[in-house]
Amino acid sequence: MATDTSGQSIILPALTDPPNISVLATALQAVLDRAVPRFASAAARAATLTAPVEGMLSWLQDVNRLDVYNGSAWAPVLTGGTWQSYSPSWTGSTSNPNIGNGSIAGQYSRVGDSVTFGVKITTGSSTTYGSGSWSISLPVPAAAGVDMVGTVMVGDASSTSAYSLGAAYIPAGSSTAQLYAGGKSDGALLTATFPQTWAQGDRLWASGTYRV
């Protein structure tokens, strides 16, 4: 029987060939093997595709990711990169802040298994600051294995217009970034009173890139 002209060795039955359901099933399976099957998770894929072939593609619905089998493991295909908005949660380790009439905005971009994000908080007259150390939610949970570190900047709206720099600590497997400010000997987690006593018009920026 004839095969496809794309070099994939897929059988193409002709109308003049005798009926043979096995041949048709083989041809259909060859097409499916070269399509992009969808799976609920990597675990569901592993349970179904027990002997993947190099070059196979799959889509994981839980993480919205296109993977390719490279001959030894599934690896993400570099897709995406479009910036999109998300709504960060601002939390305290004891009680949560409330943005009130201030503003909080976030954006992120994903390429393969890397996510880059940015968040800006501007406090208002009715903003409350909670208690305990602050964190912000990430757009996508971080991968397990290795901690990541981003950047933090704090702007004081008082007459001094002072700025503080710090780090956004992203623990492996976490859904949040912990916010630090200060230097080698005086760095600490951000709170309602550190690195300043927060008031209307103060600003907080956090950004970073991490693995998912």
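Look up a bit, the structure's there.
Computed from a predicted model, the values in this text were never measured in an experiment. (Residues numbered from 1 in each chain as written. Predicted model: local features only at pLDDT ≥ 70, side-chain atom pairs only at ≥ 80, totals over all residues. Heavy atoms only, no water.)

Engineer: Can you break down the packing of aromatic side chains residue by residue, with the values?
Structural biologist: Aromatic ring pairs are described here by two measures, namely the spacing of the ring centres and the angle between the planes. Within the structure shown, the criterion is met by eight aromatic pairs. Arranged with centres 6.0 Å apart and planes meeting at 70°, the rings of F117 and Y210 form a pair that is edge-to-face. Here F117 is found in strand β10 (residues 114–122), whereas its partner Y210 is found in strand β16 (residues 203–211), with 93 residues between them in sequence. Residue classification places F117 among the buried positions, given a relative accessible area of 1%. The exposure class of Y210 is buried, given its relative accessible area of 2%. Here the aromatic cluster, defined as three or more aromatic residues joined through ring pairs, consists of W90, Y129, W134 and W198. (Phe/Tyr/Trp six-rings, centres within 6.5 Å; stacked < 30°, edge-to-face > 60°. Helix = DSSP H or I, 4+ residues; strand = E, 2+ residues; numbered from the N terminus. Buried < 20%, exposed > 50% of the residue type's maximum accessible area, 1.4 Å probe, protein only.)

Engineer: So what's going on with the side chain of Q196? Residues and values would help.
Structural biologist: One can find Q196 in the loop between β15 (188–189) and β16. Those residues in contact with Q196, other than ones at most four positions away along the chain, are V154, G155, D156 and D202. (Contact = heavy atoms within 4.5 Å.)

Engineer: An account of the sheet that holds strand β5 (residues 65–69) is needed here, citing residue identities and associated values.
Structural biologist: An order of β3-β4-β5-β6 is seen for the four strands of this open sheet, with the pairing classed as mixed. Both edges of this open sheet fall to β3 (38–39) and β6 (74–76), since each of them pairs with a single strand only. Here β3 pairs with strand β4 (residues 57–60) via two bridges, running parallel. In the strand pairing of β4, R38 is matched with W59. (Pairing = 2+ DSSP bridges.)

Engineer: Explain the nonpolar core residue by residue, including any values.
Structural biologist: F117, L179, L190, L204 and Y210 are the most contacted members of the largest nonpolar core, which has 27 residues in total. Elements represented by at least two residues in this core include exactly β10, β11 (134–137), β12 (148–155), β13 (163–170), β14 (176–181) and β16. Among the elements that make up this core, the one with the highest residue count is β10 (four residues). L49, M56, L60 and Y69 belong to the second largest nonpolar core, which has five residues in total. (Core = buried A, V, L, I, M, F, W, Y, C linked by side-chain atoms within 4.5 Å.)

Engineer: Before we move on, can you summarise the environment of V115 with the specific residues and values?
Structural biologist: Assignment of secondary structure puts V115 in strand β10. Sequence spacing of V115 and A142 is 27 residues, and the spatial spacing of their C-alpha atoms is 8.7 Å. With residues up to four places along the chain from it excluded, the contact list for V115 reads Y108, S109, R110, P139, V140, G208, T209, Y210 and V212.

Engineer: Describe unusual backbone geometry, and please don't skip the residues or the numbers.
Structural biologist: In terms of backbone geometry, most residues other than glycine have negative phi values and most peptide bonds are trans. Put simply, F194 and P195 share a cis peptide bond, and its omega is 5°. The backbone of N64 sits at a positive phi, close to 50°, despite the residue not being glycine. As for its placement among the helices and strands, N64 is situated in the loop between β4 and β5. Note on N64: relative accessible area 54%, which makes it exposed.

Engineer: Can you lay out the pairing of β16 for me, pointing to particular residues and giving the numbers?
Structural biologist: Where β10 lies against β16, nine bridges are found, and the strand directions are antiparallel. If you follow K120 over to β16, its bridge partner there is W205.

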